[in-house]
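# Structure at a glance
Listed here are the chains, written in short residue letters.
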Amino acid sequence: MKLLNGAEFRVLESAVHSAELRQQVISDNVANVDTPNFKRSEVLFEDLLTEAMGTSEKSISGFRTNAKHIPIGQSSEVPAPIVATDETSSINNNGNNVDIDREMSLLAKNQLVYNLYIQQVNHDVSMMRTAIDGRA
């Protein structure tokens, strides 16, 4: 799903993809709640995005007079979500570390986050459509 070429849309698109991936990973965790020696996984994205955006004042950023200029000192790369498996812990006697209550709460939280991202995409597209049509 290629939205538009702006950096904000790339970040939003990556966030939607990470929420979709998180849904699959959590569903896999829930499906294997009783599987012996199964280790839960989680999706890392928000922390990677915060790191990539960086808040350090040490970097130099260039002044752009045209939107087509290459940004200087700013990373235009959006990190890809990473699936990490927790191999160290064990909750059950069978070596499984999936807590069904935690997974279900993470599933509900992810659904809310996904809905927020989709609402933002719809809002941004609606604003562009309004600008193109010239409606007030």
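Values in this document were obtained by computation on a predicted structure and should not be read as measured data.

### What about the layout of surface pockets?
By volume, the second largest pocket is sized at about 300 Å³. Elements represented by at least two residues in the lining of the second largest pocket include exactly helix 1 (7-31), strand 1 (41-44), helix 2 (46-53) and helix 3 (100-133). The biggest single contributor to the lining of the second largest pocket is helix 3, with five residues. By residue class, the composition of the lining of the second largest pocket is six nonpolar, one polar and seven charged.

### Concerning the side chain of Arg 22
Position of Arg 22 relative to the elements: it lies in helix 1. The class for Arg 22 is buried, based on a relative accessible area of 14%. In terms of polar contacts, Arg 22 uses its side chain to reach the side chain of Glu 46, at 2.9 Å. Contacts of Arg 22, omitting those with residues within four sequence positions, involve Val 43, Phe 45, Glu 46 and Asn 110.

### Considerations on helix 1
Because the α-helix completes a turn every 3.6 residues, residues three or four places apart line up on one side. The end-to-end C-alpha separation of helix 1 is 36 Å, in line with the 36 Å expected for 25 residues at 1.5 Å each. Listed in full, the buried residues belonging to helix 1 are Phe 9, Leu 12, Glu 13, Ser 14, Ala 15, Val 16, Ser 18, Ala 19, Arg 22, Val 25, Ile 26 and Asn 29. On its buried face, helix 1 is in contact with strand 1, helix 2, strand 2 (82-85) and helix 3.

### Describing the packing of helix 1 against helix 3
Across the interface, helix 1 lies against helix 3 with an axial gap of 9 Å and an inter-helix angle of 155 degrees. On the basis of the axis angle, helix 1 is roughly antiparallel to helix 3. Seen along the crossing, helix 1 lies across helix 3 with a hand that is left-handed.

### A few points about the pattern of salt bridges
As enumerated under the stated definition, the model contains two salt bridges in all. We note a salt bridge from Arg 22 to Glu 46, for which the minimum N-O separation is 2.9 Å. On the criterion of sequence distance, the pair formed by Arg 22 in helix 1 and Glu 46 in helix 2 is long-range, its members being 24 residues apart. For Glu 46, a relative accessible area of 31% gives the class partly exposed. Across the pair Arg 40 and Glu 103 runs a salt bridge whose closest N-O atoms are separated by 2.6 Å. Here Arg 40 is found in the loop between helix 1 and strand 1, whereas its partner Glu 103 is found in helix 3, with 63 residues between them in sequence. You can call Arg 40 buried: its relative accessible area is 7%.

### Re the nonpolar core
Listed in full, the eight residues of the largest apolar core are Leu 12, Ala 15, Val 16, Ala 19, Phe 45, Leu 49, Tyr 117 and Val 121. Listed by contribution, the elements that provide at least two residues to this core are helix 1 and helix 3. Here the element with the most residues in this core is helix 1; it accounts for four residues. Among residues more than four places away in sequence, those in contact with Ala 15 are Phe 45 and Tyr 117.

Criteria and cut-off values
Residues numbered from 1 in each chain as written. Predicted model: local features only at pLDDT ≥ 70, side-chain atom pairs only at ≥ 80, totals over all residues. Heavy atoms only, no water. 1 Å grid on protein atoms, 1.4 Å probe; cavity = no way out; pocket = protein on both sides within 12 Å on 5 of 7 lines; lining within 4 Å. Points joined across faces, edges and corners; volume = space filled by probe spheres on them. Helix = DSSP H or I, 4+ residues; strand = E, 2+ residues; numbered from the N terminus. Nonpolar A, V, L, I, M, F, W, Y, C, P; charged D, E, K, R; others polar. Buried < 20%, exposed > 50% of the residue type's maximum accessible area, 1.4 Å probe, protein only. Polar contact = N/O pair within 3.5 Å; in protein donor to acceptor, adjacent residues only side chain to side chain. Contact = heavy atoms within 4.5 Å. Expected span 1.5 Å × (residues − 1). Axes fitted to C-alpha atoms, helices over the stretch in contact; angles between N-to-C directions. Parallel < 35°, antiparallel > 145°, perpendicular 65-115°, else oblique. Left-handed = near helix turned anticlockwise from the far one by under 90°. Salt bridge = Lys/Arg side-chain N within 4 Å of Asp/Glu carboxyl O. Core = buried A, V, L, I, M, F, W, Y, C linked by side-chain atoms within 4.5 Å.

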